[in-house]
There are 2 protein chains.
Amino acid sequence: MDATVWPASLPEDLRAHLPEGLADGVFPAGCPSRTVLDHITSKWGVLILLALSEGEQRWSELRRRAEGISEKMLAQTLKTLERDGLVLRKAQPVIPPRVDYSLTQRGYELSGLLVPLVTWAYNNADDILNGER
Amino acid sequence: MDATVWPASLPEDLRAHLPEGLADGVFPAGCPSRTVLDHITSKWGVLILLALSEGEQRWSELRRRAEGISEKMLAQTLKTLERDGLVLRKAQPVIPPRVDYSLTQRGYELSGLLVPLVTWAYNNADDILNGER
DNA sequence: TAAGGTACTCACCTTTTGGTAAGTTGTGGT
DNA sequence: ACCACAACTTACCAAAAGGTGAGTACCTTA
């Protein structure tokens, strides 16, 4: 296998060169990166991360923000993201309960990469779904 | 609601500001961007896009590359990506059959955003899954 | 002659994901 | 006295995603 052979038909500036070791690290089944990728690219994971990238928000705000999410999925998604060290949970001992969620530093790193992706999806969604080139 | 109020506890340089209109466009249920986002962040979609970012590849190469994918899912994923105008399918009328897949210009745009994300996941996967801060 | 590669599709079944509705706890409002 | 609110959990069910194994057509290699 010769890694220097690129399809001649593709414009030079469009090619994405994979960083050293990425391919070997991501493509194998059951590798850690696949698990993490599954967490952060999950249906609701992206939306919650995106919402929190605007700043700390409480449970009920997130629920209204990510329109269509069920309470079960919000709880589940937040738990996963918290376990992964992407989201910080701050529970106030007050009545009625108040819990604030925010991104950790790691979470902000991630959301910095997620925002361009979502922006692109937002800008291209109509063309893509209408079958326009 | 005051958009200028940011959590004071977060370092200025970590905040990700959402582009104008993004929040309204992405958060509503059933909006086009959610559909597109689901396609490209699907379990196998990311891997296929990533593999193709290295250049044109044929069916059997992709199958071996994205370790663990079934033929059914490879076919399905490629079809979705082709319909979305991200992947180009070139079938040679030869025996045995030969079909080459490559990214379209739109696909390369996307993979340019996907690569940093996957790279980040790859670099942070072990820390995340081991519960390290 | 038989097996194997190539790029698929199809039918069937399992696993995962996600939704619904109810229950919980304690206080404040009517 | 009773309902609502907040942030959840739990049990149950439906839907979607995904895997398995077979079949297809034709040629090449052993």
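Provided above is the structure to which this section pertains.
Summary of the structure given here. (Residues numbered from 1 in each chain as written. Chains lettered and ligands numbered in written order. Predicted model: local features only at pLDDT ≥ 70, side-chain atom pairs only at ≥ 80, totals over all residues. Heavy atoms only, no water.)

### Points about the interface of chain A and chain B
Then step 1. On the side of chain B, 70 residues touch chain A, which itself brings 69 residues to the contact.
Then step 2. Both sides of the chain A and chain B interface together cover about 6,200 Å² of buried area, and 72% of this is carbon and sulfur.
Then step 3. It is F27(A), R106(A) and W120(A) that lose the most area in chain A upon contact with chain B, and together they represent 12% of the buried surface on that side.
Then step 4. Seen at the junction of chain A and chain B, the total is 10 residue pairs in polar contact (both at pLDDT 80 or more).
Then step 5. Broken down by element, the residue count for the side of chain A that touches chain B peaks at 22 residues, all from helix α6 (residues 105–129) of chain A.
Then step 6. Tallied by class, the residues present in the side of chain A that touches chain B amount to 39 nonpolar, 12 polar and 18 charged. (Contact = heavy atoms within 4.5 Å. Buried area = accessible area lost by both parts, 1.4 Å probe. Polar contact = N/O pair within 3.5 Å; in protein donor to acceptor, adjacent residues only side chain to side chain. Helix = DSSP H or I, 4+ residues; strand = E, 2+ residues; numbered from the N terminus. Nonpolar A, V, L, I, M, F, W, Y, C, P; charged D, E, K, R; others polar.)

### A short note on the nonpolar core
Then step 1. Counting residues in hydrophobic clusters, the biggest one holds 74 residues, and the most contacted among them are I48(A), V87(A), L110(A), I48(B), V87(B) and L110(B).
Then step 2. Setting aside anything within four residues of it in sequence, one finds V87(B) in contact with L49(B), L52(B), L78(B), L81(B), E82(B), Y101(B), S102(B), L103(B) and T104(B). (Core = buried A, V, L, I, M, F, W, Y, C linked by side-chain atoms within 4.5 Å. Buried < 20%, exposed > 50% of the residue type's maximum accessible area, 1.4 Å probe, protein only.)

### Focus on the sheet that holds strand β1 (residues 57–58) of chain A
All names here are of chain A.
Then step 1. Taken in spatial order, the three strands of this open sheet run β1-β3-β2, and their pairing is antiparallel. Strand pairing shows two members of the sheet lacking a second neighbour, β1 and β2 (87–92), which therefore form its edges.
Then step 2. Sheet analysis places β1 next to strand β3 (residues 98–103), joined by two bridges and oriented antiparallel. The residue bridging R58 from the neighbouring strand is D100, located in β3. (Pairing = 2+ DSSP bridges.)

### Examining the protein's contact with DNA strand C
Then step 1. In the vicinity of DNA strand C there are 20 residues, among which K72(A), E71(B), K79(B), R89(B) and Y101(B) approach most closely.
Then step 2. For DNA strand C, the fraction of atoms within 4 Å of the protein that belong to sugar or phosphate moieties is 65%.
Then step 3. Contact distances for DNA strand C include 3.0 Å between a phosphate oxygen and a side-chain N or O atom of R58(B).
Then step 4. Side-chain polar atom of Y101(B) to a phosphate oxygen of DNA strand C: 2.8 Å apart, as the coordinates give it.
Then step 5. A per-class count over the surface near DNA strand C returns nine nonpolar, three polar and eight charged. (Near = heavy atom within 4 Å.)

### Side note on the protein's contact with DNA strand D
Then step 1. As a matter of local geometry, DNA strand D sits amid 19 residues, with E71(A), K79(A), R89(A), Y101(A) and K72(B) nearest to it.
Then step 2. In the model, a phosphate oxygen of DNA strand D is placed 2.9 Å from a nitrogen or oxygen of the S60(A) side chain.
Then step 3. Between DNA strand D and the protein, one listed contact pairs a base nitrogen with a side-chain N or O atom of E71(A) at 2.3 Å.
Then step 4. Among the secondary structure elements, those contributing two or more residues to the surface near DNA strand D are α4 (59–65), α5 (71–83) and β3 of chain A together with α3 (43–52) and α5 (71–83) of chain B.
Then step 5. For the surface near DNA strand D, the element with the highest residue contribution is α5(A), accounting for four residues.
Then step 6. Looking at the surface near DNA strand D, its residues break down into nine nonpolar, two polar and eight charged.

### Remarks on the packing of α6(A) against helix α2 (residues 32–40) of chain B
Then step 1. Running from amino to carboxyl end, α6(A) crosses α2(B) at an angle of 105°, the nearest separation of the two axes being 8 Å. The angle between α6(A) and α2(B) falls in the class roughly perpendicular. Here α6(A) contributes V118(A), W120(A), A121(A), Y122(A), A125(A), D126(A), I128(A) and L129(A) to the contact with α2(B), which in turn contributes P32(B), S33(B), T35(B), V36(B), L37(B) and I40(B).
Then step 2. Counted by class, the contact of α6(A) with α2(B) contains 11 nonpolar, two polar and one charged residues. (Axes fitted to C-alpha atoms, helices over the stretch in contact; angles between N-to-C directions. Parallel < 35°, antiparallel > 145°, perpendicular 65-115°, else oblique.)

### Some thoughts on the side chain of S102(A)
Then step 1. Position of S102(A) among the secondary structure elements: in strand β3.
Then step 2. Look past the residues within four positions of S102(A) in its chain and what remains in contact with it is L52(A), E56(A), L86(A), V87(A), L88(A) and K90(A).

### Remarks on the relation of the copies chain A and chain B
Then step 1. Once chain A is rotated about the relating axis by 180° and shifted along it by 0.0 Å, it coincides with chain B to within an RMSD of 0.1 Å. When the rotation and shift are considered jointly, the pair of chain copies conforms to a two-fold rotation axis. Across chain A, the smallest distance between a C-alpha and the rotation axis is recorded for T41(A), namely 2.7 Å.
Then step 2. A symmetric contact is evident, with 99% of the interface residues of chain A recurring at the interface of chain B. (Least-squares fit on C-alpha atoms with pLDDT ≥ 70 in both.)

### With respect to the environment of S53(A)
Then step 1. As for its position among the elements, S53(A) is in the loop between α3 (43–52) and β1.
Then step 2. Distance from S53(A) to Y108(A), taken between C-alpha atoms, is 6.7 Å for residues 55 residues apart in sequence.

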